[in-house]
Amino acid sequence: MTPKAITRREAWQHAAWYGWALALTSTLASSIVTPLSRGIIVAGLDPILLLLLRLSIAVTLMGITIALVHPEHFRIERRGFWRIMGVGLLAGLEICCFFSALAYVDASMSAMIKSTQPLVVLLLLTLGGERLTRRQLIRLALAICGIYLLVGPGGTVAPLGLVFLLLSLLLYGSQLVFIQWWLSSYNPHTVALYLSAVMTTVIAGWWWWQGAHWHDPGTAGWTVILVLAIVSTWFARLALFGAIARIGSGQIALLWPLQTLLIIILSVLFLGERMSTIQWVGGVLILSSTALAARRGSR
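Residues numbered from 1 in each chain as written. Predicted model: local features only at pLDDT ≥ 70, side-chain atom pairs only at ≥ 80, totals over all residues. Heavy atoms only, no water.

Participant: Is there a simple way to explain the overall build of the chain in this structure?
Facilitator: Along its length, the chain carries 13 helices and 0 strands. Overall, the chain shows an N-to-C arrangement of helices and strands of α-α-α-α-α-α-α-α-α-α-α-α-α. Within the chain, buried positions represent 47% of all 299 residues. Taking contacts inside the chain between residues at least 6 apart in sequence as the whole, the part at least 24 apart equals 91%. Approximately 14,700 Å² of the chain is accessible, and the part contributed by carbon and sulfur atoms is 68%. (Helix = DSSP H or I, 4+ residues; strand = E, 2+ residues; numbered from the N terminus. Buried < 20%, exposed > 50% of the residue type's maximum accessible area, 1.4 Å probe, protein only. Contact = heavy atoms within 4.5 Å. Areas by Shrake-Rupley, 256 points an atom, 1.4 Å probe, with all protein chains shown as cover.)

Participant: What is the right way to look at the nonpolar core in this model?
Facilitator: Proteins that are soluble and globular tend to have nonpolar side chains buried together. Counting residues in hydrophobic clusters, the biggest one holds 32 residues, and the most contacted among them are I179, L183 and I252. Elements that contribute at least two residues to this core include exactly α1 (3-30), α3 (47-69), α4 (78-101), α6 (117-127), α8 (159-183), α9 (188-209) and α10 (218-247). Per-element accounting of this core gives the leading share, 7 residues, to α10. Not counting residues up to four positions away in its chain, the partners in contact with L183 are G80, R83, I84, V87, F178 and V191. (Core = buried A, V, L, I, M, F, W, Y, C linked by side-chain atoms within 4.5 Å.)

Participant: I would appreciate a short explanation of unusual backbone geometry in the present structure.
Facilitator: Most peptide bonds take the trans form, and the phi angle of most residues other than glycine is negative. A positive phi is found at A212, a non-glycine position, where the angle reads about 55 degrees. Counting through the fold element by element, A212 comes out in the loop between α9 and α10. For A212, a relative accessible area of 29% corresponds to the partly exposed category.

Participant: When you look at the packing of aromatic side chains in this model, what are you seeing that I'm missing?
Facilitator: To describe a pair of aromatic rings, you give the distance between the ring centres and the angle between the ring planes. Enumeration according to the criterion identifies 5 aromatic pairs in this entry. Between F164 and W206, the ring centres sit 6.4 Å apart and the planes meet at 50 degrees, which makes this aromatic pair tilted. Linking F164 in helix α8 with W206 in helix α9, this pair joins segments that are 42 residues apart in sequence. Of the two residues examined, F164 and W206, each falls in the buried class. Between W206 and W209, the ring centres sit 6.4 Å apart and the planes meet at 80 degrees, which makes this aromatic pair edge-to-face. You can see W206 and its partner W209 sitting in helix α9, 3 residues apart, about one turn around the helix. The structure contains a cluster of three or more aromatic residues connected by ring pairs, namely F164, W206 and W209. (Phe/Tyr/Trp six-rings, centres within 6.5 Å; stacked < 30°, edge-to-face > 60°.)

Participant: Would you take a moment to explain the side chain of S100 for this structure?
Facilitator: Within the secondary structure layout, S100 lies in helix α4. At 2.7 Å, the side chain of S100 forms a polar contact with the backbone oxygen of C96. With sequence-adjacent residues up to four places away left out, S100 is seen in contact with I48, F164 and W206. (Polar contact = N/O pair within 3.5 Å; in protein donor to acceptor, adjacent residues only side chain to side chain.)

Participant: Is there a simple way to explain the environment of A91 in this structure?
Facilitator: Tracing the sequence through the fold places A91 in helix α4. Judged by relative accessible area, which is 0%, A91 ranks as buried. Remark: the alpha-carbon pair of A91 and V202, spanning 111 residues in sequence, is separated by 8.7 Å. What A91 contacts, discounting residues up to four positions off in sequence, is Q175 and M199.

Participant: Looking at this structure, I do not really get a nonpolar patch on the surface. What am I missing?
Facilitator: Residues Y104, L160, V163 and L167 make up a contiguous nonpolar surface patch of about 340 Å² in total accessible area. Tracing the chain through its elements places Y104 in the loop between α4 and α5 (107-114). With relative accessibility at 41%, the residue Y104 sits in the partly exposed group. (Patch = residues over 30% accessible without salt bridge, like charges linked within 9 Å, V, L, I, M, F, W, Y side chains within 5 Å. Salt bridge = Lys/Arg side-chain N within 4 Å of Asp/Glu carboxyl O.)

Participant: So what exactly am I meant to see when it comes to helix α2 (residues 33-42) here?
Facilitator: Spacing of three or four residues puts side chains on the same side of an α-helix, whose turn is 3.6 residues. Buried within α2 are the following residues: V33, P35, S37 and I40. Just past α2, the residue G44 takes up positive phi, approximately 120 degrees.

Participant: What should I look at first to understand the packing of α3 against α9 in this one?
Facilitator: Angle between the axes and distance between the axes: these two values describe a pair of packed helices. It is at 9 Å that the axes of α3 and α9 come closest, and there the two elements cross at 150 degrees. Considering the angle they form, α3 stands roughly antiparallel to α9. You can see that α3 and α9 cross each other, and the crossing is left-handed. Packed against α3, whose contacting residues are I48, L49, L51, L52, L55, S56, V59, M62, G63 and I66, the element α9 presents H189, T190, A192, L193, S196, A197, T200, I203, A204, W206 and W207 at the interface. (Axes fitted to C-alpha atoms, helices over the stretch in contact; angles between N-to-C directions. Parallel < 35°, antiparallel > 145°, perpendicular 65-115°, else oblique. Left-handed = near helix turned anticlockwise from the far one by under 90°.)

Participant: Got a minute to help me understand the packing of α2 against α10 in this structure?
Facilitator: Here α2 crosses α10 at 155 degrees, and the two axes come no closer than 10 Å. Between α2 and α10, the crossing angle belongs to the class labelled roughly antiparallel. Considering how the two elements wind past one another, α2 and α10 form a crossing that is left-handed. On α10, the residues touching V33, L36, S37 and I40 of α2 are G221, V224, I225, V227, L228 and S232. Tallied by class, the residues present in the contact of α2 with α10 amount to 7 nonpolar, 3 polar and no charged. (Nonpolar A, V, L, I, M, F, W, Y, C, P; charged D, E, K, R; others polar.)

Participant: Which parts of the structure should I look at to understand helix α12 (residues 256-270)?
Facilitator: The terminal C-alpha atoms of α12 lie 21 Å apart, and with 15 residues this matches the ideal 21 Å at 1.5 Å per residue to within 8%. For α12, the full list of buried residues reads W256, P257, L258, Q259, T260, L261, I263, I264, L266 and S267. Two residues or fewer past α12, G272 is found with a positive phi of approximately 80 degrees. (Expected span 1.5 Å × (residues − 1).)

As structure tokens, then:
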């Protein structure tokens, strides 16, 4: 192997490991959303208002960051702008659908249905010409079995809640696939800013359609909103788009079971919930799926 080939290989490996680091960090930052959001929603805050405040603050932070560090990232060609508009519309509708579903479907059943998200993404990528490998099928099987054991099939699904969840699955999978196909060549900071801005506009429209009811979140509520905006949105989205550009959305999708496991662990530690032996077995299967994904990324 020539020195130039070795240098290219080392550069590719560095980019892959950096992409995995961004993906794992984004997963960890995103895992605090569910327990924090659950607490504030149970306290009486409207889920769509929560989303609107969270995204509005995050978009403002993104704009300030780019203005101070790389103002040239505000520029984007017309073709890229319209692509972001389309993906942002999907992303805004998806997050509204998922949070709306939580009003009709219990948490365990929502997690069970949402655990099929990696399969949706990989199937969409397959339709676009990417090959579905045996290793990916094994990871998907481990992840889905692990989620089943971890969360369990308890609860019932209201028809409207099921519709919202199915729409969320399709819209989120489509969002990640289109980001990889259409936006991976653009600067991730630019994509994160404009995509989040479009999402905020869609959420504002949904909130207005519901009646635009305002409720003061209070001190505790604003604290949670700021944490979600800064850590789980501003930072997590920048890391997510950077990871997709380096390792692809198919690999990102396979890390979602790890996020579910982290949510359960946080709930056990901070909300007093308990896990049975069979649930811990499911957690081991999920971690095994994630380990296989990381091994594939290193290769």
